[in-house]
Amino acid sequence: MNKVRIGVLASGSGSNFGAIAAQAQSPHYPGEVAVLICNQAPAYARERARQLGLPEHLIPNRDYAHREDHDRAVVAALQAHQVELVVMAGWMRVATPVLLAAYPDRILNIHPSLLPSFRGMHAVQQALNYGVKISGCTVHIVRLEVDSGPILAQAAVPVYPEDTVASLQQRIQSEEHRIYPEAIAQYIQSGYRLPQMPTNAAIPATLDRQ
Ligand code: GRF
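Source: prediction; values computed, not measured. (Residues numbered from 1 in each chain as written. Predicted model: local features only at pLDDT ≥ 70, side-chain atom pairs only at ≥ 80, totals over all residues. Heavy atoms only, no water.)

**Side note on the pairing of strand β4 (residues 85–88)**
Consecutive side chains of a regular strand alternate in pointing toward one face of the sheet and then the other. The alternating pattern of β4 places Leu85 and Val87 and Val86 and Met88 on opposite faces, both of which are buried. Strand direction decides the pairing type here: strand β1 (residues 4–10) and β4, joined by four bridges, are parallel. What sits directly across from Gly7, in β4, is Val86. In this sheet, strand β5 (residues 107–111) lies alongside β4 in parallel orientation, the contact comprising three bridges. Bridge pairing in β5 places Val87 opposite Leu108. In terms of handedness, the path from β4 via helix α4 (residues 97–102) over to β5 forms a crossover that is right-handed. (Buried < 20%, exposed > 50% of the residue type's maximum accessible area, 1.4 Å probe, protein only. Helix = DSSP H or I, 4+ residues; strand = E, 2+ residues; numbered from the N terminus. Pairing = 2+ DSSP bridges. Right-handed = clockwise from strand over helix to strand, strands pointing away.)

The following block contains the structure:
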């Protein structure tokens, strides 16, 4: 099997990167991790890459005056590793048109909420503040607007009254580690088919007016 070359972008602990890399070691998995790119020197994701024997690149965003220039450096590194599919895993950067144009419909992200609820940096805290009883995570295709884009997979988890950000985050992350590698594999195996909307997805005029 010809495995698709995946480039992972991470800024932090890299537990999702680790989960994806572990799955990708299976001969049956349709992708392989070609490179990890980090923008933060102390990110533990880098250590994980070293332990796994995977190439990693540090590209600190603070070295670049403009977000587009940073993305140009990221694209150059991805291309140097013949990356075909980009996977954001805790990448704390907003994608610019430079990155999106280099990999159209080939950039995925995971977000710790059931989108479109609770976009942005503090999704888990927002879910607690709102008092929702169910939260979860979403794998989606990256678009210019943050935490938007076609949804590939979601998983729900309960929210308990005694939850803290840490406890809820942990419950959500267990699901992330399960659905992200799965969603990536399915997206590759589908030939990068964009998700179909239900045929009755258009909002009826009566609801639209409310
Ligand atoms: C995940 O919870 C993900 O939803 C969010 O950033 C976190 C990254 O965690 N985008 P890790 O670095 O993969 O452990």
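**Looking at the side chain of Ser113**
Locating Ser113 in the fold gives a position in the loop between β5 and α5 (123–130). Among the residues examined, Ser113 registers a relative accessible area of 0% and is labelled buried. A distance of 3.2 Å separates a polar atom in the side chain of Ser113 from the backbone oxygen of Phe118. Apart from the residues lying within four places of it in its own chain, the contact partners of Ser113 are Phe118, Ala123, Ser135, Gly136, Cys137 and Thr138. (Polar contact = N/O pair within 3.5 Å; in protein donor to acceptor, adjacent residues only side chain to side chain. Contact = heavy atoms within 4.5 Å.)

**Digging into the nonpolar core**
Taken as a class, soluble globular proteins show a tendency for nonpolar side chains to be buried jointly. If you look at the biggest cluster of nonpolar residues, it comprises 42 residues, and the most contacted ones within it are Ile6, Val8, Phe17, Leu36, Leu85, Tyr180 and Ile184. Here this core gets nine residues from one element, more than from any other, and that element is helix α6 (residues 165–189). When residues of this core are assigned to domains, at least three map to each of domain 1 (1–104) and domain 2 (109–210). Beyond its immediate chain neighbours, meaning those up to four positions away, Ile184 contacts Ile6, Ile20, Tyr29, Leu85, Val87 and Leu108. Membership of the second largest hydrophobic core comes to 20 residues, among which are Ile37, Ile59, Trp91 and Val142. (Core = buried A, V, L, I, M, F, W, Y, C linked by side-chain atoms within 4.5 Å. Domains from an automatic or database assignment.)

**Overview of the domain arrangement of the protein chain**
Partitioning the protein chain into structural domains gives domain 1 (1–104) and domain 2 (109–210). Between the C-alpha centres of domain 1 and domain 2 the distance comes to 21 Å. Between domain 1 and domain 2, the contact holds 20 residues from the first and 18 residues from the second. At the surface where domain 1 touches domain 2, the tally comes to zero salt bridges. Where domain 1 packs against domain 2, one counts five residue pairs in polar contact (both at pLDDT 80 or more). (Salt bridge = Lys/Arg side-chain N within 4 Å of Asp/Glu carboxyl O.)

**Side note on the pairing of β1**
Counting buried positions along β1 yields six of seven residues, so the element is predominantly enclosed. For β1 and strand β2 (residues 31–38), the ladder comprises seven bridges, and the chain directions are parallel. Directly across from Val4, in β2, lies its bridge partner Gly31. The parallel pair β1 and β2 is bridged by helix α1 (residues 15–24), and the resulting crossover is right-handed.

**Some details on the environment of Thr138**
Among the structural elements, Thr138 can be located in strand β6 (residues 134–141). The class of Thr138 is buried, set by a relative accessible area of 0%. For the pair Thr138 and Leu152, spaced 14 residues apart in sequence, the C-alpha separation works out to 7.6 Å. With near-sequence residues (within four places) excluded, Thr138 lies in contact with Asn109, Ile110, His111, Ser113, Leu114, Leu115, Ile151, Ala153 and Gln154.

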